[in-house]
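If you want the building blocks of each chain, they are given just below.
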Amino acid sequence: MNLQEYPDAEFMAMGLADAISAQLNIALRQRDRALLVVPGGTTPAAVFDTLCGARLEWNRVDILPSDERWRPQAHIRSNAGMIARHLICERAAGATLLPLYVEDLSPEEAAPRLADDLAPRLPIDVALLGMGADMHTASLFPNAPGLKDALAHDAPLVLPVRIESEPEPRVTLAAHVLKNAMHLHIVITGDAKRDALERAKGKDALIAPVAALLDDATVHWAP
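Described in the following lines is the structure provided in the data block. (Residues numbered from 1 in each chain as written. Predicted model: local features only at pLDDT ≥ 70, side-chain atom pairs only at ≥ 80, totals over all residues. Heavy atoms only, no water.)

### A few points about the sheet that holds strand 1 (residues 2-5)
And step 1. Read from one edge of the open sheet, 7 strands run 1-10-9-6-2-3-5, paired in parallel fashion. Taken across any chain shown, the strands that pair with only one partner, and hence form the sheet edges, are strand 1 and strand 5 (96-97).
And step 2. Judged from the 2 bridges that link them, strand 3 (residues 61-65) and strand 5 form a sheet pairing that is parallel. In the strand pairing of strand 5, I63 is matched with L97.
And step 3. Strands in contact with helix 2 (residues 42-51) are strand 2 (34-38), strand 6 (126-129) and strand 9 (183-189); relative to strand 9, the strand with the most contacts, it is inclined by about 120°. (Pairing = 2+ DSSP bridges. Helix = DSSP H or I, 4+ residues; strand = E, 2+ residues; numbered from the N terminus. Contact = heavy atoms within 4.5 Å. Axes fitted to C-alpha atoms, helices over the stretch in contact; angles between N-to-C directions.)

Laid out in structure tokens, this is it:
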């Protein structure tokens, strides 16, 4: 794990946006299209507000949520909706958003179709993830039903997730899909998440799912 610390969240957003845009530019020199995977949440939104102004060929960039609540894009809890508002705008308006949601299907019915759509686009060029204070990342939650399957090296690319405490089901990219990204970033803010990061190191991924990714990740932290 490579840890990068910043004096505040604004500096982090600028530094991370610069790193992601540079890595996407490199990918676009090597491939016809680049795949950027990003999370929902307020901390990534600040990064998106800067990244959307980057100078690159956004019309050749596909943007995919790392996970999704099973809601249509217009819903306030949709990750795709947040990504569209904060990232698919300004210079990045020409990027293609690939939703992880299929209307009129359940997550279980839609996951194989979403996986089939994703497979020819892999590997991910740049992945940006968040992490919760409970050490979850994407929709890989500690001790959740199906987590062991999602952490397997041969897991389906996209998996349904049902958590009793959550108001809706979800889908998530499997851990190996995220781990195999050419560039993997995790963004966190505050002392609570920094403490959670320290706790996650060396833990079983069934208890701390983010631990499955830390060896391959650059973690960006600001107070």
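Picking up after the structure, the text goes on.
### A word on helix 1 (residues 9-30)
And step 1. Its 22 residues give helix 1 an end-to-end C-alpha distance of 32 Å, which sits within 8% of 32 Å, the value for a rise of 1.5 Å per residue.
And step 2. All of the buried residues along helix 1 are M12, A13, L16, A17, I20, S21, Q23, L24, A27 and L28.
And step 3. The inward-facing, buried residues of helix 1 abut strand 2, helix 2, strand 3, strand 6, strand 9 and strand 10 (218-222).
And step 4. Residue D8 occupies the N-cap position of helix 1, its side-chain oxygen lying 3.1 Å from the main-chain nitrogen of E10. (Expected span 1.5 Å × (residues − 1). Buried < 20%, exposed > 50% of the residue type's maximum accessible area, 1.4 Å probe, protein only. Polar contact = N/O pair within 3.5 Å; in protein donor to acceptor, adjacent residues only side chain to side chain.)

### Let's talk about the sheet that holds strand 4 (residues 67-69)
And step 1. Sheet architecture is open: 3 strands sit in the order 4-8-7, paired in antiparallel fashion. Strand pairing shows two members of the sheet lacking a second neighbour, strand 4 and strand 7 (158-161), which therefore form its edges. Each neighbouring strand pair of the sheet contributes to a mean axis angle of 20°, computed without reference to strand direction.
And step 2. Pairing between strand 7 and strand 8 (residues 170-173): 4 bridges, direction antiparallel. Within strand 8, the residue paired with P160 across the bridge is V171.
And step 3. Taken strand by strand, helix 4 (residues 107-118) contacts strand 7 and strand 8, and its axis lies near 160° from that of strand 7.

### Some words on the environment of D67
And step 1. By the element assignment, D67 lies in strand 4.
And step 2. The buried category is assigned to D67, whose relative accessible area is 5%.
And step 3. In the structure, D67 is positioned 92 residues away from L159 in sequence and 9.3 Å away in space, judged by C-alpha atoms.
And step 4. Side-chain polar atoms of D67 contact the side chain of S66, separated by 2.9 Å.

### A short note on the pattern of salt bridges
And step 1. Evaluated as defined, the whole model comprises 14 salt bridges.
And step 2. The closest approach of N and O atoms between R77 and E166, which form a salt bridge, is 3.8 Å. Of the two residues, R77 sits in the loop between strand 4 and helix 3 (79-86) while E166 sits in the loop between strand 7 and strand 8, which places them 89 residues apart along the sequence.
And step 3. Where E198 meets K201, a salt bridge forms, and the shortest distance between an N and an O atom there is 3.0 Å.
And step 4. Accessibility expressed as a relative area gives 36% for E198, which makes it partly exposed. (Salt bridge = Lys/Arg side-chain N within 4 Å of Asp/Glu carboxyl O.)

### Focus on the side chain of D62
And step 1. Summarising the element assignment, D62 is placed in strand 3.
And step 2. Taking relative accessible area as the criterion, D62 reaches 5% and is therefore assigned buried.
And step 3. Residues contacting D62, with those up to four places away along its chain left out, are R33, A34, L35, L36, T96, L98 and R121.

### Remarks on the environment of D191
And step 1. Examined against the element boundaries, D191 turns out to sit in helix 7 (residues 191-200).
And step 2. Spatially, the C-alpha atom of D191 lies 38 Å from that of D117, the residues being 74 residues apart in sequence.

### Points about helix 7
And step 1. Along helix 7, the positions that sit buried rather than exposed are R194, A196, L197 and A200. End-on, the buried residues of helix 7 take up no more than an arc of 160°, which puts them together on one face.
And step 2. Buried residues along helix 7 sit in contact with strand 1, strand 9 and strand 10.
And step 3. Backbone geometry just downstream of helix 7 places G202 in the positive-phi region, at approximately 80°. (Arc of directions from axis to C-beta.)

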